[in-house]
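A closer look at the structure
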Amino acid sequence: MEQTKTSQVDTPQAMQPDSVERKQAESNCNSMPGYDLEDNLHRTGFLGRTTLLLSRCGIETHGVAPVPAEERLETRWYQMFFVWFSGSMNILGFSTGTAGPACFALGVRDSMTIIVVVNLVTCLFPAFSAVFGPKLGMRTMVQARFSWGYFGAIIPAVLNVFSLEGFLILTCIIGGQTIASLSPRLDDTLGIVIVAIITLVVTFCGYRVIHWYESVAWIPNVIAFITMLVVGYPQLRENLSVPVPPATPANVISFASLLASNMISWCTMTPDYGVYHSPDASSIRIFIYTYLGLFVSNLTSQALGAVFAAAAPNVPAWNEGFDDNSSVGGLLYSVLLPTGAFGKILTALVALSVPSCCAPIMYTLINSFMAIGTRSAAVPRWVYILISEGILIPMAIVGAKRFYTTFVDILDIVGYWSSAFAAIILTEHVLFRRASFLRTNIPLRLGLHMHSCLAVSPQSWLSCAPAELLFRSSHKLGT
């Protein structure tokens, strides 16, 4: 049924002539000199031969060139739900919720209220951004050139590389701590290496393997969370009657900001996981799948994190596992400990499913690396994956000693620029493109490019003038 449905237009105009123009524009984009350079360098030398071999083995080797409409054939649009449901229905989402009681001294009711309200609103932004992927077939940081200009878009691309590497470090720390909690003979370092290697394998295989992995990775986490609720319900119920100090405005705003930063940062990622999906699905359908995937998973995992972290100080076994608010994996294992071997198996599965969050992060990180410029796009994606892995493991091992400080510091930085990025992209699309994906060949005035750059870096305005010349001469996107 889904494959036979006709496309639902985003504007009242007739769709057929515009679809022809869109396909022609995409064909022109793919014939730009930058993409030819990418293809040529992929075919020559050691890198080229290795890339060709990987391609024959079914590994994704496509760079950041727009995916033509004739290659966007995937019609399993429900994958847009599972990739984000699995990405947050894990111990990372759980750890985000623990920050309310552990970092900001909030009670259960205050934490739950903030979690519901913030997620209800902020999930709208990455869900809207997700529509861009199937409709345009372009990676997030390539799309950014519409509103930032060619050189101006280098700024968010570089920032995204650093931000996502920071997120990778955090997720690996959590996975490492969870594995280490299983036995005194295990430590964070071993766990971090195991999680990083699984992430490497999944990301290395590419887009389709990531979507397959995300469609099943959520299962052990859901089982573990349900088991935790059943086992810990008596302690959780008792904790509801424990008096807590009133929440201060500063703590409420800080926790809300942390949750908002965490959610809005997905805006720089969501379009990347629809570039091979057919544009025939309506924008509303893609939006709903993504919104529900993000909202349901974040609400559930963060709420569970908040209630267990709030109860931990009053339950000695949980408090010992939490290790002075520094080991989320230890908290999870200590709750499951009464179930014996079953709890150990669940804890191990939860830790080994942490790549459900890591793999999409690393995949987008590589796309952002390649979108920085023509030369960076010419380097095969597998090279960047190995570089990211080499940075990830040692940094995560060092960062594991100061988890919550590292966590809050990174989200503070990410929240600033990703919020500005999302506002600029959405404003440009709604106000200047009139929310139509068929108006992407219309050049913008220099002013918007300048404002985009100034929103993040006042020193970068000089890069916008060449970008305006590029748009005026080509009227389309190119690398």
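Note that the coordinates shown come from a computational prediction; the quantities given were computed from them, not determined experimentally.

Observations concerning the overall build of the protein
Of the regular secondary structure elements, the protein holds 24 helices and zero strands. Here the protein, with 479 residues, has 58% of them falling under the buried criterion. Taking the intrachain contacts of the protein between residues at least 6 apart in sequence as the baseline, contacts between residues at least 24 apart amount to 84%. Accessible area of the protein: about 19300 Å², with a carbon and sulfur share of 67%.

A look at unusual backbone geometry
Even without a glycine there, the phi angle at Ala 105 is positive, about 55°. Within the secondary structure layout, Ala 105 lies in the loop between helix H5 (91-104) and helix H6 (108-122). Look at Ala 105 and you get partly exposed, because its relative accessible area is 47%.

Some words on empty space enclosed by the protein
A full pass over the atoms with the stated rule returns six cavities of 30 Å³ or more. In this structure, the largest cavity occupies an estimated 160 Å³ of space. As for the largest cavity, its lining consists of 19 residues, of which Phe 132, Gln 143, Ala 144, Ile 425 and Glu 428 are closest to the centre. Broken down by secondary-structure element, the contributors of at least two residues to the lining of the largest cavity are helix H8 (132-136), helix H9 (140-143) and helix H22 (403-432). Per-element tally for the lining of the largest cavity: the top contributor is H22, with six residues. Classifying every residue of the lining of the largest cavity by side-chain character gives eleven nonpolar, six polar and two charged.

Regarding the side chain of Glu 74
Note that Glu 74 resides in the loop between helix H3 (45-56) and helix H4 (79-88). In this structure Glu 74 comes out as buried when scored by relative accessible area, which is 16%. Polar contacts involving the side chain of Glu 74 include one to the side chain of Arg 76, which spans 2.8 Å. Those residues in contact with Glu 74 that sit more than four places away from it in its chain are Gln 79, Tyr 276, His 277 and Ser 278.

Examining the packing of H4 against helix H13 (residues 207-239)
Close contact between H4 and H13 brings their axes to 8 Å; oriented N to C, the two are set at 45°. Considered as vectors, H4 and H13 are oriented oblique to each other. Judged by the twist between their axes, the crossing of H4 over H13 is left-handed. Residue-level inspection shows Gln 79, Phe 82, Val 83, Phe 85, Ser 86 and Gly 87 of H4 in contact with H13, the latter providing His 211, Glu 214, Ser 215, Ala 217, Trp 218 and Val 222. Split by residue class, the contact of H4 with H13 holds six nonpolar, five polar and one charged.

A look at the nonpolar core
In terms of nonpolar packing, the biggest core is built from 101 residues, with Ile 91, Phe 94, Cys 172, Met 228, Phe 308, Trp 318 and Leu 331 touching the most fellow members. One finds Phe 104, Ile 114, Ala 260 and Ala 306 within the second-largest nonpolar core, a separate group that totals twelve residues.

Thoughts on the environment of Gly 206
Along the polypeptide, Gly 206 turns up in the loop between helix H12 (188-205) and H13. Taking the C-alpha atoms as reference, Gly 206 lies 9.2 Å from His 62; in sequence the two are 144 residues apart. Once residues within four sequence positions are removed from consideration, Gly 206 is found in contact with Glu 60 and Tyr 363.

A closer look at the confidence of the model for the protein
The predicted model of the protein has a mean per-residue pLDDT of 80, with 79% of residues at 70 or higher. Overall, residues 455-479 carries pLDDT values under 50, and its contacts beyond four positions in sequence, including any with other chains, amount to 60 contacts.

Definitions and cut-offs
- Residues numbered from 1 in each chain as written.
- Predicted model: local features only at pLDDT ≥ 70, side-chain atom pairs only at ≥ 80, totals over all residues.
- Heavy atoms only, no water.
- Helix = DSSP H or I, 4+ residues; strand = E, 2+ residues; numbered from the N terminus.
- Buried < 20%, exposed > 50% of the residue type's maximum accessible area, 1.4 Å probe, protein only.
- Contact = heavy atoms within 4.5 Å.
- Areas by Shrake-Rupley, 256 points an atom, 1.4 Å probe, with all protein chains shown as cover.
- 1 Å grid on protein atoms, 1.4 Å probe; cavity = no way out; pocket = protein on both sides within 12 Å on 5 of 7 lines; lining within 4 Å.
- Points joined across faces, edges and corners; volume = space filled by probe spheres on them.
- Nonpolar A, V, L, I, M, F, W, Y, C, P; charged D, E, K, R; others polar.
- Polar contact = N/O pair within 3.5 Å; in protein donor to acceptor, adjacent residues only side chain to side chain.
- Axes fitted to C-alpha atoms, helices over the stretch in contact; angles between N-to-C directions.
- Parallel < 35°, antiparallel > 145°, perpendicular 65-115°, else oblique.
- Left-handed = near helix turned anticlockwise from the far one by under 90°.
- Core = buried A, V, L, I, M, F, W, Y, C linked by side-chain atoms within 4.5 Å.
- pLDDT = per-residue confidence, 0-100.

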